[in-house]
Amino acid sequence: ETGVTQSPTHLIKTRGQQVTLRCSSQSGHNTVSWYQQALGQGPQFIFQYYREEENGRGNFPPRFSGLQFPNYSSELNVNALELDDSALYLCASRMIPSGRAKSYEQYFGPGTRLTVT
Amino acid sequence: QKEVEQNSGPLSVPEGAIASLNCTYSDRGSQSFFWYRQYSGKSPELIMFIYSNGDKEDGRFTAQLNKASQYVSLLIRDSQPSDSATYLCAVNNNDMRFGAGTRLTVKP
């Protein structure tokens, strides 16, 4: 157990709909990242939040958006769902100490399996 | 060029053998390097991380880093059938980027 939780576990949506996925970070972690993992592929970086601000984004369109809350929990929102959005969505948390550039190990939640029909 | 590249596999080794997994990365500014293991249908599990050039050993696992060559590897000694999984290499600068993974099968 990593202490990172995600909800829901599975989700089925229709093309064009919107979805919100949730993540609760490991206690003490101030950074959360979201990934999309298609079948047979490695996780693709969507974006990262550090102290409630987005501080890194991968090659995903603006219809992928997120939030991080003061308790370091997080949401991933996807608008106008497309069939290709079907994937495992992973949340990962880590601790970045203040004033230091070096990053530390990151721990994943169990993921949310999204199916778009 | 992909940011993080892994040998495509699949890799098959007999039980008790050494499994060698390789990874190269393109960003010379990368500071930390990770190996994750992912069983089918599960999320990635961190098994090793390395920040400095050289070797780092943890039980049956050894991570090797060569920043000049932009190369990181994972050796698994005395491979067990339970090691059969996909191994993901991840490289971090400000955010973490993953390779596509190498599928390892350890045959009894």
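Before any of the text, the structure's been laid out above.
About the cut-offs
Residues numbered from 1 in each chain as written. Chains lettered and ligands numbered in written order. Predicted model: local features only at pLDDT ≥ 70, side-chain atom pairs only at ≥ 80, totals over all residues. Heavy atoms only, no water. Helix = DSSP H or I, 4+ residues; strand = E, 2+ residues; numbered from the N terminus. Rg over C-alpha atoms; globule rule 2.2 N^0.38 Å. Buried < 20%, exposed > 50% of the residue type's maximum accessible area, 1.4 Å probe, protein only. Contact = heavy atoms within 4.5 Å. Core = buried A, V, L, I, M, F, W, Y, C linked by side-chain atoms within 4.5 Å. 1 Å grid on protein atoms, 1.4 Å probe; cavity = no way out; pocket = protein on both sides within 12 Å on 5 of 7 lines; lining within 4 Å. Points joined across faces, edges and corners; volume = space filled by probe spheres on them. Salt bridge = Lys/Arg side-chain N within 4 Å of Asp/Glu carboxyl O. Buried area = accessible area lost by both parts, 1.4 Å probe. Nonpolar A, V, L, I, M, F, W, Y, C, P; charged D, E, K, R; others polar. Pairing = 2+ DSSP bridges. Disulfide = S-S within 2.5 Å.

A.B. asks: Looking at this structure, I do not really get the overall build of chain B. What am I missing?
C.D. replies: Summing up its helical and strand segments, chain B has zero helices and 11 strands in all. Each helix and strand of chain B, ordered N terminal to C terminal, gives the series β-β-β-β-β-β-β-β-β-β-β. In summary, chain B has a C-alpha radius of gyration of 13 Å against a globular reference of 13 Å for 108 residues, a match within 12%. Considering only C-alpha atoms, chain B reaches an extent of 40 × 30 × 20 Å along its principal axes. Burial statistics for chain B: of 108 residues in total, 45% are counted as buried. Counting contacts in chain B only where the partners sit at least 6 residues apart, residues at least 24 apart contribute 51% of the total.

A.B. asks: Would you take a moment to explain the nonpolar core for this structure?
C.D. replies: General note: in soluble globular proteins, nonpolar side chains tend to be found buried as a group. One finds W35, V72, L74, I76 and Y87 of chain B to be the most contacted residues of the largest nonpolar core, which totals 23 residues. Going through the elements one at a time, strand 3 (19-25), strand 4 (32-38), strand 5 (45-50), strand 7 (61-66), strand 8 (71-76), strand 9 (85-92) and strand 11 (102-107) of chain B are the ones with two or more residues in this core. Those residues in contact with L74 of chain B, other than ones at most four positions away along the chain, are A19, S20, L21, W35, I47, M48, F61, T62, A63 and Y87 of chain B. Judged by nonpolar contacts, the second largest core, of 20 residues, contains V19, L21, V32 and F60 of chain A.

A.B. asks: In this structure, what is going on with the layout of surface pockets? I would like to understand it.
C.D. replies: Gaps left between atoms show up when a probe the size of a water molecule is rolled over them. Quantified by volume, the largest pocket comes out at close to 480 Å³. If you trace the largest pocket, you find 21 residues lining it, with F108, G109 and P110 of chain A together with K42 and S43 of chain B closest to the centre. When contributions to the lining of the largest pocket are tallied by element, the ones reaching two or more residues are strand 10 (107-108) of chain A together with strand 5 of chain B.

A.B. asks: Whenever I open this one, the pattern of salt bridges confuses me. Can you help?
C.D. replies: Between side chains of opposite charge, a pair can form when the charged atoms approach closely. Inspection of every chain in the model, using the stated rule, returns eight salt bridges over all chains. For the salt bridge of R63 of chain A with E82 of chain A, the shortest nitrogen-to-oxygen distance reads 3.3 Å. One end of the pair, R63 of chain A, is in the loop between strand 6 (53-57) and strand 7 (64-68); the other, E82 of chain A, is in the loop between strand 8 (74-78) and strand 9 (87-94), and 19 residues separate them in sequence. By relative accessible area, R63 of chain A is classed as buried at 16%. Judged by its relative accessible area of 40%, E82 of chain A is partly exposed. The partner of R37 of chain B in a salt bridge is E45 of chain B, with the nearest N and O atoms 3.1 Å apart.

A.B. asks: What's the story with the interface of chain A and chain B in this structure? I'm lost.
C.D. replies: Many structure descriptions define interface size as the accessible area lost when the parts assemble. Listed as interface residues are 25 residues of chain A and, on the opposing side, 20 residues of chain B. Buried area between chain A and chain B, both sides added, is near 1700 Å², and the carbon and sulfur share of it is 50%. Taken together, the links from chain A to chain B amount to zero salt bridges. For the side of chain A that touches chain B, the secondary-structure elements that each account for two or more residues are strand 4 (31-37), strand 5 (44-50), strand 6, strand 9 and strand 10 of chain A. Taken together, the residues of the side of chain A that touches chain B sort by class into 10 nonpolar, 11 polar and four charged.

A.B. asks: How do you make sense of the pairing of strand 7 of chain A when you look at a structure like this?
C.D. replies: Each regular strand shows side chains that alternate between the opposite faces of the sheet. In strand 7 of chain A, alternate side chains face the same way, and those of F64, G66 and Q68 of chain A are buried while those of S65 and L67 of chain A on the opposite face are not. Between strand 7 of chain A and strand 8 of chain A, which follow one another and run antiparallel, lie five residues, and Y72 of chain A among them has a positive phi close to 70°.

A.B. asks: So what exactly am I meant to see when it comes to the state of the cysteines here?
C.D. replies: By definition, a disulfide links two cysteine residues through a covalent bond between their sulfur atoms. This structure, assessed with the given rule, holds two disulfides over all chains. Here C23 of chain A pairs with C91 of chain A through a disulfide, and the sulfurs are 1.7 Å apart. Because the torsion about its S-S bond is -45°, the bridge between C23 of chain A and C91 of chain A counts as left-handed. Of this pair, C23 of chain A sits in strand 3 (residues 19-24) while C91 of chain A is found in strand 9, placing the two residues 68 residues apart along the sequence. Neither C23 of chain A nor C91 of chain A differs from the other in exposure class; each is buried. Paired by a disulfide, C23 of chain B and C89 of chain B hold their sulfur atoms 2.0 Å apart. The chirality of the disulfide connecting C23 of chain B with C89 of chain B is left-handed, given an S-S dihedral of about -70°. Linking C23 of chain B in strand 3 with C89 of chain B in strand 9, this pair joins segments that are 66 residues apart in sequence.

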